[in-house]
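Here is what each chain is made of, one letter per residue.
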Amino acid sequence: MSTQLGASPLARHTTQAKESPMSNLILRNEPLGHPWPGTDPFLFCAYHLDQFPPATADQAVDMRLLGGRELGHDFSGKDGFSMYHGVNVPGFPAHPHRGFETITIVPKGVVDHADSLGATARYGDGDVQWLTAGSGIQHSEMFPLRSREQGNPLELYQIWLNLPARSKMADPEFVMLWGENIPKYRSGGAEVNVIAGRYQPQEAAQAEVVALAPGRNSWAANPDADLAVWQITLQPGASLTLPPASRPGTRRTLYFHDGRHLQVDGSSVAEPRLLEVAAGSALPLHNGGSEVVQILLLQGVPIAEPVVAYGPFVMNSAEEIEQTRRDYGRTQFGGWPWSGHGPVHPAGQGRFARHPGSEVIEEPPRQ
């Protein structure tokens, strides 16, 4: 996913008003905003929740429903959905990245991926794609509509994770984490999807839950980074105690984005909020409302380096940004091997991935 070249959501992160903490474990408490501001080493998280209509025969939105939109740049949310940079199929046609990673979590709907390395995939329904852009890559993320009889909801988180200076020019890498394989911790009405990091249950003497391996050049592959990405679901009345982080200096942010009446260390949070919490302490959570609570947790040891961003490029200095622009203009980060800028797989295609340089088709495990 991309912001416009020349604009960056990172520039907005320092302007949001902060509220007084309610508990000594809550260090920051503010509205979520859009996108959700990141805490170093995370840059931000773009959260999409779209209610797309029934599909046409070519997995697109009926053009008769698209009046009044600026097609090609539609973030309107009109009628419950946006087309983003798509014209008939919503999504984000080919665009470049350098200097960071994207972690894309798709609980509902599917994404058709293509990139300049030659990788392609259709993933969703709980899958996660981890893309280390490193020295540079182009990719396309389109959202085909599968059902012609009913609506096509899409729920998607895309997390931008920074890379340290020493890794910004690493080789790009594409990793698929199938939803069926993602480790989970369950306790009563609480569930944690452990997408990155290690989760040590606090409710009983149970084995640690360890995430699948990220890419070799990922910041998450460094054990000193203490990186965690957890999706937390609390049914009404459910409680969960989050384990303390394992490293000094780790920062932890909760994005409480769905539900009401969450209790954090005994303090009530009545509506969706961003909460930075003390990472070194166990943290009790309780859903005191009648709706399901959804939380995304991001944590890690800060990289603590300068961040200079220009749209889809994230480097350490303005000079590096200018070099990146020249490099992209000259090389197109490997070019674009596909016939269109927003390729979509045929209707009826299941989830799969084909990695760069391979003809082997990887499919999710059969249940």
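First things first, this report covers the structure right here in the doc. (Residues numbered from 1 in each chain as written. Predicted model: local features only at pLDDT ≥ 70, side-chain atom pairs only at ≥ 80, totals over all residues. Heavy atoms only, no water.)

1. Regarding the layout of surface pockets
At step 1: Taken as a whole, the second largest pocket holds about 430 Å³ of empty space.
At step 2: The wall of the second largest pocket is formed by 26 residues, among which G197, R198, P223, D226 and L227 lie closest to the centre.
At step 3: Counting residues per element, the ones that place at least two in the lining of the second largest pocket are β13 (190-196) and β16 (228-234).
At step 4: Its residues assigned to classes, the lining of the second largest pocket shows 16 nonpolar, five polar and five charged. (1 Å grid on protein atoms, 1.4 Å probe; cavity = no way out; pocket = protein on both sides within 12 Å on 5 of 7 lines; lining within 4 Å. Points joined across faces, edges and corners; volume = space filled by probe spheres on them. Helix = DSSP H or I, 4+ residues; strand = E, 2+ residues; numbered from the N terminus. Nonpolar A, V, L, I, M, F, W, Y, C, P; charged D, E, K, R; others polar.)

2. Comments concerning the sheet that holds strand β2 (residues 36-37)
At step 1: Taken together, the six strands give an open sheet; going across it, the order is β2-β3-β10-β5-β8-β11, and neighbouring strands pair in antiparallel fashion. A single partner strand is all that each edge strand has here, and the edge strands are β2 and β11 (173-177).
At step 2: Inspection of the sheet shows strand β3 (residues 42-52) paired to strand β10 (residues 152-162) by 10 bridges, in the antiparallel sense. Within β10, the position partnered with F52 by the bridge is N152. (Pairing = 2+ DSSP bridges.)

3. Considering the nonpolar core
At step 1: Membership of the largest hydrophobic core comes to 29 residues, with the highest contact counts inside it found for Y199, I232, L234, L240, L242, L254 and L285.
At step 2: Counting only elements with at least two residues in this core, the list comes to β13, β16, β17 (239-242), β18 (251-258), β19 (262-264), β21 (273-277), β22 (283-287) and β23 (293-300).
At step 3: In terms of residue count, β16 provides more of this core than any other element does, four residues in total.
At step 4: In contact with L254, other than residues within four places in its own chain, are L242, R273, L274, L275, V277, L283, L285, I295, L296 and L297.
At step 5: If you look at the next biggest cluster of nonpolar residues, it comprises 27 residues, including Y47, I103, Y157 and I182. (Core = buried A, V, L, I, M, F, W, Y, C linked by side-chain atoms within 4.5 Å. Buried < 20%, exposed > 50% of the residue type's maximum accessible area, 1.4 Å probe, protein only. Contact = heavy atoms within 4.5 Å.)

4. Considerations on the environment of P90
At step 1: Of note, P90 is situated in the loop between β3 and β4 (91-97).
At step 2: Separated by 19 residues in the primary sequence, P90 and G109 have C-alpha atoms spaced 12 Å apart.
At step 3: Ignoring sequence-local partners within four residues, the contact set of P90 consists of F52, V61, S82, M83, M142, F143 and L145.

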